[in-house]
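Architecture and fold: a report
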Amino acid sequence: MALPFFYISNYNSSEKELVLDEVTSRHMIQVLRMKKDDSLNLTDGKGNLLTVFITDDHKKHCAVKVKDVAHVSLAKRNVSIGISVLKNASRFEWFLEKATELGINEIIPLICERTEKEKFRRDRMQNILVSAMLQSQQCWLPVLHEPTAFELLFRQEEVAGRGQKFIAHCTETEKRKLTEQINASLPSQIILVGPEGDFTSAEIELAMHHHFIAVSLGNTRLRTETAGVVAASLLRLV
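Reference entry: report on the structure contained in this document. In this text the structure is predicted, and so the values were computed from the model without any measurement. (Residues numbered from 1 in each chain as written. Predicted model: local features only at pLDDT ≥ 70, side-chain atom pairs only at ≥ 80, totals over all residues. Heavy atoms only, no water.)

**Thoughts on the overall build of the chain**
Our working definition: A run of H or I in DSSP counts as a helix once it spans at least four residues, and a run of E counts as a strand once it spans at least two, with each numbered from the N terminus. When checking whether two residues touch, look at their non-hydrogen atoms; a contact exists if any pair is within 4.5 Å. Residue burial considers only the protein chains on display, and all accessible areas are found by Shrake-Rupley using a 1.4 Å probe. Residues counted as positive are Lys and Arg, residues counted as negative are Asp and Glu, and His and the chain ends are not counted. The atom standing in for a charge is NZ when the residue is Lys, CZ when it is Arg, CG when it is Asp and CD when it is Glu.
Scanning the chain for helices and strands turns up seven helices and 13 strands. Counting only C-alpha atoms and orienting by the principal axes, one finds that the chain spans roughly 65 × 35 × 30 Å. A fraction of 74% describes how many contacts in the chain between residues 6 or more apart in sequence connect residues 24 or more apart. Put simply, the chain shows about 12500 Å² of open surface, and 48% of that area lies on carbon and sulfur atoms. When the 30 positive and 30 negative side-chain charges of the chain are each reduced to one mean point, those points stand 3 Å apart.

**A look at unusual backbone geometry**
In plain terms, the rule: Working definition: with a 1.4 Å probe on protein chains only, accessible area under 20% of the residue-type maximum means buried, over 50% means exposed, and in between means partly exposed.
A positive phi angle is found at Q137, which is not glycine, with a value near 55 degrees. Within the element layout of this structure, Q137 appears in the loop between α3 (122-135) and β8 (143-144). Given a relative accessible area of 45%, Q137 falls into the partly exposed group. The backbone of H211 sits at a positive phi, close to 70 degrees, despite the residue not being glycine. With respect to the helices and strands, the residue H211 is situated in the loop between α6 (201-209) and β13 (213-216).

**Quick look at the sheet that holds strand β4 (residues 48-56)**
The criterion, for reference: In this scheme, strands are said to pair when DSSP sees at least two bridges between them. For every element, the axis is a line fit to its C-alpha atoms; helices are fit only across the contacting stretch, and the angle between N-to-C directions ranges from 0 to 180 degrees.
Pairing is mixed across the open sheet formed by five strands, whose spatial order is β1-β3-β4-β5-β2. For this open sheet the edge positions go to β1 (5-7) and β2 (17-19), each flanked by a neighbour on one side alone. Neighbouring strand axes in the sheet, compared pairwise and without regard to direction, differ in orientation by 40 degrees on average. Its contacts with the sheet place helix α1 (residues 22-31) against β1, β3 (39-43) and β4, and it is angled at close to 160 degrees to β1. Contacts between α3 and the sheet are confined to β1 and β3, with β1 contributing the most and set at about 155 degrees to the helix.

**Quick notes on the side chain of S80**
Here is the rule: Each polar contact in these results corresponds to two N or O atoms within 3.5 Å; when the atoms are within protein, one needs to be able to donate a hydrogen and the other to accept it, and residues that are neighboring in sequence are counted only if both atoms are side-chain atoms.
In this structure, S80 sits in strand β6 (residues 78-84). Within the structure, S80 has its side chain in polar contact with the side chain of E106 (distance 3.2 Å). Non-local contacts of S80, meaning those with residues more than four positions away in its chain, are made with E106, R162, Q189, I190 and I191.

**Looking at the pairing of strand β5 (residues 63-71)**
Direction of pairing for β2 relative to β5: antiparallel, over a ladder of three bridges. The partner of E17 across the bridge, within β5, is K65. Between β4 and the antiparallel strand that follows it, β5, lie six residues.

**Brief notes about the nonpolar core**
We apply this condition: Take the buried residues of types Ala, Val, Leu, Ile, Met, Phe, Trp, Tyr and Cys, join any two whose side-chain atoms come within 4.5 Å, and each joined set is a nonpolar core.
The biggest cluster of nonpolar side chains holds 37 residues, and the ones touching the most others in it are F95, L96, I107, L178 and I191. At the level of elements, β1, β6, α2 (89-101), β7 (106-111), α3, β10 (164-168), β12 (188-193) and α7 (224-236) are the ones that each hand at least two residues to this core. Counting residues per element, this core draws most heavily on α3, at six residues. Leave out the neighbours within four places in its chain, and I107 touches I81, I83, F95, L96, A99, L129, P142, V143, L144 and H145.

**Digging into the packing of α2 against α7**
Note the following rule: Our angle categories are set so that under 35 degrees counts as roughly parallel, over 145 as roughly antiparallel, 65 to 115 as roughly perpendicular, and the remainder as oblique. Charged means Asp, Glu, Lys or Arg here, nonpolar means Ala, Val, Leu, Ile, Met, Phe, Trp, Tyr, Cys or Pro, and polar covers whatever is left, Gly included.
Following both chains from N to C, one finds α2 and α7 inclined at 10 degrees, their axes separated by 9 Å at the closest point. In terms of orientation, α2 and α7 fall into the roughly parallel class. Where α2 abuts α7, its residues R91, W94, F95 and K98 lie against E225, T226, G228 and V229. Looking at the contact of α2 with α7 residue by residue, the classes come out as three nonpolar, two polar and three charged.

**Some remarks on the pattern of salt bridges**
How we decide: When a carboxyl oxygen of Asp or Glu is within 4 Å of a side-chain nitrogen of Lys or Arg, the pair counts as a salt bridge.
In total, this model carries eight salt bridges according to the counting rule given. E106 is the partner of R162 in a salt bridge, and the nearest nitrogen-oxygen pair spans 2.7 Å. Taken together, the positions of R162 in the loop between α5 (157-160) and β10 and E106 in strand β7 put the pair 56 residues apart, joining distant regions of the chain. Each member of the pair, R162 as well as E106, carries the same accessibility label: buried. Between E146 and R122 there is a salt bridge, with its nearest N and O atoms 3.5 Å apart. One end of the pair, E146, is in the loop between β8 and β9 (148-149); the other, R122, is in helix α3, and 24 residues separate them in sequence. We classify R122 as partly exposed; its relative accessible area is 29%. Here the residues in one salt-bridge network are E97, K98 and E101, joined through shared partners.

Written out as structure tokens, the structure reads:
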């Protein structure tokens, strides 16, 4: 049976004994009924996987001792998605959860011309990423960027230097199938997904001016969050 899996926000490799935060401690001791000497796994979301055992089963500040530390390598390809913030927050949260389960490396919330909502509850979104990482038993937490205005995205060096750059849109113009464009031998890909009303023609032109390839995700019109998950699946599972 797999050991329970929990998150620690910071880990110093020199530490052999750790005191967990109140939320984690309460879940372990009160919900899961874990006791002294029980074993569990911890990850810091940066590739470190700790196997520990409980030395003090206090419900507010549970203490554990490290038995073993392993480092899980990051995926060879860096896959990022820039996706519009959605008016319906629960749909955006669903996307975050599924993208994390699929192993996406970076998520860039976009503020596009047709984005209907610009408020962004970062703490809540970050917690969703952590929960999805733990549920899928991964050791790398996606990087969640601050919301970025669409036109400013192309000024970021890390975006400009991507191996492949795609923009998925619904405009009836020439597009290529994403499945036929992915080159898994390249070190990185990024794809952009627009808001409910799609990207404007000016936004599409701007992306293509910066060498983004216009792509199709299929024959049906998808909601933004669905398009994000489809794109994540196609890019990550190649």
